[in-house]
Structure formats: C-alpha cells, structure tokens
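Per-entry structural report
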Amino acid sequence: MKNKTFSQDIIPSYENVTTVVKLHGRDVKVHALCTGTVAVKTNFRKKNGIGELAKLNMLFDKHYTEYMPIWVWVIEHPEGLMVVDTGEISAVKNLDKYLAKESAFFRYFFKHSAKFGVAEKDELNYQFEKVNLKLDDVKLVVLTHLHLDHTDGLKFFPKQEIIVGDTEFARASGNMPTTYPSWFKPNKVNYKQNRIDIFNEAFPITSVEDLLYVPTPGHTAGHSSVVFKTDDFDIFFAGDTSYNQGQILRGELAGVNADYKKSGETYKKLMAYATNHKAIYLPSHDANSAMRLQEKSFLI
C-alpha cells in the first residue's frame, strides 16, 4: 500500500510483504508483517511547541492522524529466525481493562492520545501462518524499545531469547510494564565500540555481525534500531526513530519523543550514514516501509 491518503474514520488494511535479499550470496527472506493499525494525535506524531509545551499540546490536540500500520519484521537469517519487535494484540482495544493496573495518569494520557485498529486475526501468530512460518522456530526477538505496540506480542515467545538495550530497560519511558508477560526477563545488552561507522558502537546480533543493534536514542532514552548489512545495501529496522521517512528528510521531530535533542542528533547520524551507504530506512509505522524494501528505495 503506497502513497495513499486515508480518512481518519477509515481503518485501512495493510498487506504483509515478503522481500528476498542477498546475504553472503544466498537468498534470504525478510517479511514485513502488519499486526494492526494505530492512529495518534497529530501533535503526538509531529512536535508542536517548545519543550514541555510540546508535550501538553499532545493532550490539547483534538485531531488524529490517519491509521498507521504496526509492522513487525522477520528475517529468515542463516543463523536462525530473527524477529524485530512483536507488534500489537487485540486486548489493547479495551484500554480501560488492559491498562487497569497502570497509573491513572498513564491511562488517561494513553486513552486520549492513541486509537487502535487491532483484531485477533491481526496478531502475530496469524501473521506467521500467512507466510508459512512457525513461532516455535524463532531463535531471537529483538526489541527496539519497550512501548506496548512493540512489546504486546511478547506473549508468543515465552521460550525464545529476547534482547533489549540495557539503557532502554533501565530508563524506559512511556512503557506499560503491567502489560508485560509475567515471565518477561530479557537479556539486557550493551553496545560494543568500533562496530559500525557513524554510530560507532553497536551490539552484534549475529556471529558474523551482519545484524547489528545500533543506538538511535530520542524517542526513548535507550531506543535502538537493527541494521541488516546485506550484500547490496543496508536495512535500518528503525522502530520509532521517526514515524515515517519524510520526517527524517525534513528534520521533523515527533512530539512524543523523550529527548528532542537526541532525536535531532540521531537524524543527523542516519543521514550521514545514508550518504556513505545504500540504506533503506524502515520505521515501524510508515505506511510505505514494506514497499520501500521491496522496491529497494534508499533514504538518499
């Protein structure tokens, strides 16, 4: 689905997209799986105001964006099946019940800043079936950050290794810990120096370091992206570094970001990296992410 404008009242359907890339001369499939949609206040997606005023303007805003996809990325890597983020589940549609154990402030803020279009058939187990994959075959789950539309699908992976950045786990903001599975104890990883240019530090996900967990702070203090270094280009599975590619190109920050200065610095690093490398940039809520990968459309 590409370059299409939707009414705020219409919940679009985004199709899963599978792309084949070359890795060490072999064909590797990358799946974009859509686990429903989310609409947020316009000031949530686009910063309006200075400092804390931008935060207040999210609540005062009466307008919502179009419904955006909630992508989960699955890589059929030679070292095992890798999943980047876990998407959303249908329980989120009943926020009063789902967030009953969270603080009154969080419940109020979330209820008045986001709307979800997620049915049971959108959940990750059904999406895996559509592309003939099995949840039990997943080797590793990588979390870009701990917001619930990236963690709610954790329930499908009780036996798998799960990693998240140590900083993100220690300084999580905007997360809803009461929604985590009771068994959730991820491996908290730290970046290693001299693993990638521009960003410098990264945590190697694979032994040959063709999958790297890279710091892209701003949306949250410890937000990370996953860089997949294929034979022909690099893929940035960017989480919520921005809500769409256009924001990076325009230098447009999201109002919900925890640290606007860090977000701006991350944008500059992304653009610098894309100047030196063929890079495909794939945020989790960009309607065009899956098709950009299929069409090999680069950031610069």
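Residues numbered from 1 in each chain as written. Predicted model: local features only at pLDDT ≥ 70, side-chain atom pairs only at ≥ 80, totals over all residues. Heavy atoms only, no water.

**A short note on the overall build of the protein chain**
- The helix and strand tally for the protein chain stands at 10 helices and 14 strands.
- The C-alpha atoms of the protein chain give 18 Å as radius of gyration, which agrees with the globular expectation for 300 residues (19 Å, within 12%).
- Counting only C-alpha atoms and orienting by the principal axes, one finds that the protein chain spans roughly 50 × 40 × 40 Å.
- Across the 300 residues in the protein chain, those meeting the buried criterion constitute 56%.
- Sequence-distant contacts in the protein chain: of pairs separated by 6 or more residues, those separated by 24 or more amount to 67%.
- Surface exposure of the protein chain reaches about 13100 Å², of which carbon and sulfur atoms provide 50%.
- Computed over 37 positive and 36 negative side-chain charges, the separation of the two mean positions in the protein chain equals 3 Å. (Helix = DSSP H or I, 4+ residues; strand = E, 2+ residues; numbered from the N terminus. Rg over C-alpha atoms; globule rule 2.2 N^0.38 Å. Buried < 20%, exposed > 50% of the residue type's maximum accessible area, 1.4 Å probe, protein only. Contact = heavy atoms within 4.5 Å. Areas by Shrake-Rupley, 256 points an atom, 1.4 Å probe, with all protein chains shown as cover. Lys, Arg positive; Asp, Glu negative; His and termini not counted. Charge placed at Lys NZ, Arg CZ, Asp CG, Glu CD.)

**Some details on the side chain of S242**
- Checked against the element boundaries, S242 lands in the loop between β13 (234-237) and α8 (245-250).
- A polar atom in the side chain of S242 sits 2.8 Å from the backbone oxygen of N244. (Polar contact = N/O pair within 3.5 Å; in protein donor to acceptor, adjacent residues only side chain to side chain.)

**Focus on the sheet that holds strand β10 (residues 200-204)**
- Strand order in the open sheet made by the 6 strands is β9-β10-β11-β12-β13-β14, with mixed pairing throughout. In this open sheet, the two strands that pair with only one neighbour each are β9 (192-196) and β14 (279-282). Ignoring strand direction, the axes of neighbouring strands in this sheet form an average angle of 40 degrees.
- Examined bridge by bridge, strand β11 (residues 211-215) and strand β12 (residues 224-229) share 5 bridges and lie antiparallel to one another. In the sheet register, V214 faces β12, and the bridge partner there is S225.
- With respect to the sheet, helix α9 (residues 260-276) is in contact with β9, β12, β13 and β14, its orientation differing from that of β13 by roughly 160 degrees. (Pairing = 2+ DSSP bridges. Axes fitted to C-alpha atoms, helices over the stretch in contact; angles between N-to-C directions.)

**Brief notes about the confidence of the model for the protein chain**
- With 97% of its residues at a pLDDT of 70 or more, the protein chain shows a mean pLDDT of 95.
- pLDDT under 50 marks residues 1-6. Its contacts with residues more than four places away, or in other chains, come to 13 contacts. (pLDDT = per-residue confidence, 0-100.)

**Description of the pairing of β11**
- In terms of burial, β11 is a largely internal element, 5 of the 5 residues being buried.
- By the alternation rule, side chains of β11 split into L211, Y213 and P215 and L212 and V214, which are all buried.
- Of the pairings in the sheet, the one linking β10 to β11 comprises 2 bridges and is antiparallel in character. Paired with P204 across the bridge in β11 is L212.

**Description of the environment of L33**
- For L33, the position within the fold is in strand β2 (residues 26-40).
- In sequence terms L33 and T18 are 15 residues apart; their C-alpha atoms lie 8.5 Å from each other.
- Contacts of L33, omitting those with residues within four sequence positions, involve N16, I70, W71, V72, V74, L124, Q127, F128 and V131.

**Structural notes on the pattern of salt bridges**
- Taken as a whole, this structure holds 10 salt bridges when the rule is applied.
- Close ionic contact of K22 with D27 constitutes a salt bridge, the shortest N to O distance being 2.7 Å.
- A salt bridge links K229 to D234; its shortest N-O distance comes to 3.2 Å.
- Put simply, K46, R250 and E252 are held in one network by salt bridges that share partners. (Salt bridge = Lys/Arg side-chain N within 4 Å of Asp/Glu carboxyl O.)

**Description of a nonpolar patch on the surface**
- On the surface, L53, L56 and F60 cluster together to form a nonpolar patch covering roughly 320 Å² of accessible area.
- Summarising the element assignment, F60 is placed in helix α2 (residues 52-60). (Patch = residues over 30% accessible without salt bridge, like charges linked within 9 Å, V, L, I, M, F, W, Y side chains within 5 Å.)

**Comments concerning the packing of aromatic side chains**
- Under the defined criterion, the tally for this structure stands at 13 aromatic pairs.
- With a centroid separation of 4.9 Å and 65 degrees between ring planes, the pair formed by Y180 and F184 is classed as edge-to-face. Both residues of the pair, Y180 and F184, belong to the buried class.
- Ring centres 6.2 Å apart and planes at 35 degrees place the aromatic pair Y191 and Y213 in the tilted group. On the criterion of sequence distance, the pair formed by Y191 in the loop between β8 (187-189) and β9 and Y213 in strand β11 is long-range, its members being 22 residues apart.
- On the basis of relative accessibility, which here comes to 0%, the residue Y213 falls in the buried class.
- Between K115 and the ring centre of Y64, over which it is positioned, the NZ or CZ distance is 4.3 Å.
- A cation over an aromatic ring shows up here: K188 above the ring of F169, its NZ or CZ 4.9 Å from the ring centre. (Phe/Tyr/Trp six-rings, centres within 6.5 Å; stacked < 30°, edge-to-face > 60°. Lys NZ or Arg CZ within 6 Å of the ring centre and 35° of its normal.)

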